[in-house]
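Architecture and fold: a report
Listed here are the chains, written in short residue letters.
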Amino acid sequence: MDYNNGNDWNDNQWNNENGWQQQTPPPFQRQPIFYNGFLNRTVLKSESRIMFRQNYGTVLAATILPSIIAAGVVAIPLIGGILSWLFAPILYIGGYYVVLGIIRNHNFHIGNMFDIFDNFGNVFGASFTTNLFLFLWSLCLTIPAGIILGIAGFQIEWSSNYSGPLPVPTDKCMAFILLVCLICCIPAIYKAFCWAMVPFLLADNPHLTGTQARHLSADMMNGHKWEYFVMIFSFIGWFILSACTLGLLGLFYVNPWVMTATCDYYDNLRMLYEAQHQQPETETI
């Protein structure tokens, strides 16, 4: 499917209040990363790497500064943990806001990360409710799992008398418990991919409510959840190399690149979604 390259936005649908329509020509010609509705990961990763390298300092700061600020706030006596809990999600969304601006070829700097605080209450509420619902989804199988694990407890090997050592689970029992735990995570994992675009939507339009952002994200991710998972998983080799360098490669190269790639994915997915839901023009007589 053909669609524009981000130079023409629908004001009525997206409420672009930041003047993103008035764009200067990009430093290089962006290519649509979706062809007939399917993602081309090669184009996405190549394009996002170019963007990241051309704006290395700003993207790096947008990636690590939220964590640094959150860690620093935690050190405040008594209220540090609460303040970090309040501000950390907003800071990360501010980082997405900066990277999205760079992708759209605005002269953004790291200070723009704090622009998102102009809508702190709404963004915090949308982020908090989304994380709360994900937590509740992760609990939806906890009670049935507890019953199953209780029954599985009969498979535990006991010593010949109760004064012996503590019970030791058999290998089969441990494998069964692990399987049940993984099954319990499935609803939360599914919902996490449905709502994967919520932070980017809030960075794009901080006036969206949590309900609106979740609904729109689920609609956008319809048919793209597995594709998004494979895209993230395609960086597994880089994550392994990062682990081999004690995280330094990830901190200074892989994480900023992945952040740029996910923002670029969202930006193109948004354009694809808009093109697919564009109302046909009615003929005038």
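All values reported here derive from a predicted model rather than from experimental measurement.

Cut-off values and rules
Residues numbered from 1 in each chain as written. Predicted model: local features only at pLDDT ≥ 70, side-chain atom pairs only at ≥ 80, totals over all residues. Heavy atoms only, no water. Helix = DSSP H or I, 4+ residues; strand = E, 2+ residues; numbered from the N terminus. Buried < 20%, exposed > 50% of the residue type's maximum accessible area, 1.4 Å probe, protein only. Contact = heavy atoms within 4.5 Å. Areas by Shrake-Rupley, 256 points an atom, 1.4 Å probe, with all protein chains shown as cover. Core = buried A, V, L, I, M, F, W, Y, C linked by side-chain atoms within 4.5 Å. Phe/Tyr/Trp six-rings, centres within 6.5 Å; stacked < 30°, edge-to-face > 60°. Axes fitted to C-alpha atoms, helices over the stretch in contact; angles between N-to-C directions. Parallel < 35°, antiparallel > 145°, perpendicular 65-115°, else oblique. Salt bridge = Lys/Arg side-chain N within 4 Å of Asp/Glu carboxyl O.

1. Side note on the overall build of the protein
- Looking only at helices and strands, the protein has 12 helices and two strands in total.
- For the protein, the residues scored as buried account for 39% of the 285 residues in total.
- Across the protein, the fraction of contacts at a sequence separation of at least 24, relative to all contacts at a separation of at least 6, is 74%.
- A total accessible area of about 16000 Å² is found for the protein, and carbon and sulfur atoms account for 65% of it.

2. Remarks on the nonpolar core
- Met197, Leu202, Tyr228, Tyr265 and Leu269 are the most contacted members of the largest nonpolar core, which has 53 residues in total.
- Of all the elements in the fold, those that place two or more residues in this core are α2 (41-54), α3 (56-74), α4 (80-103), α5 (120-139), α8 (198-204), α9 (210-220), α10 (225-233) and α12 (248-276).
- If you tally residues by element for this core, the top one is α12, at 12 residues.
- The residues touching Leu202, leaving out its near neighbours within four places in the chain, are Ile93, Ile116, Val123, Ala126, Ser127, Leu208 and Ala213.

3. Topic: the packing of aromatic side chains
- For the structure on display, the rule yields 21 aromatic pairs.
- An angle of 5 degrees between the planes, with centres 6.0 Å apart, marks the rings of Phe117 and Phe120 as stacked.
- On the basis of an interplanar angle of 15 degrees and a centroid distance of 5.7 Å, the ring pair of Phe200 and Tyr266 is categorised as stacked. Taken together, the residues Phe200 in helix α8 and Tyr266 in helix α12 connect sequence positions 66 residues apart.
- Through successive ring pairs, a cluster of aromatic residues spans Phe34, Phe193, Trp226, Tyr228, Phe229, Phe233 and Tyr265.

4. Section: the packing of α4 against α5
- Running from N to C, α4 and α5 cross one another at 100 degrees; their axes reach a closest spacing of 10 Å. It follows from the interaxial angle that α4 and α5 lie roughly perpendicular. Contact with α4, carried on its side by Trp85, Leu86, Phe87, Pro89, Ile90 and Ile93, involves Phe120, Val123, Phe124, Ser127 and Phe128 of α5 and no other residues of that element.

5. Notes on the pattern of salt bridges
- For the coordinates displayed, the defined rule picks out three salt bridges.
- In this structure, the salt-bridge partner of Asp204 is Arg104, at a minimum N-O distance of 2.7 Å. Of this pair, Asp204 sits in helix α8 while Arg104 sits in the loop between α4 and α5, placing them 100 residues apart in sequence.
- Its relative accessible area of 4% is what places Asp204 among the buried residues.
- With its nearest N and O atoms 2.7 Å apart, the salt bridge here joins Asp267 to Arg104. One end of the pair, Asp267, is in helix α12; the other, Arg104, is in the loop between α4 and α5, with 163 residues separating them in the sequence.
- When its relative accessible area of 0% is taken as the criterion, Asp267 is described as buried.
- Residue classification places Arg104 among the buried positions, given a relative accessible area of 1%.
- Salt bridges linked by common partners bring Arg104, Asp204, Asp267 and Arg270 together as one network.

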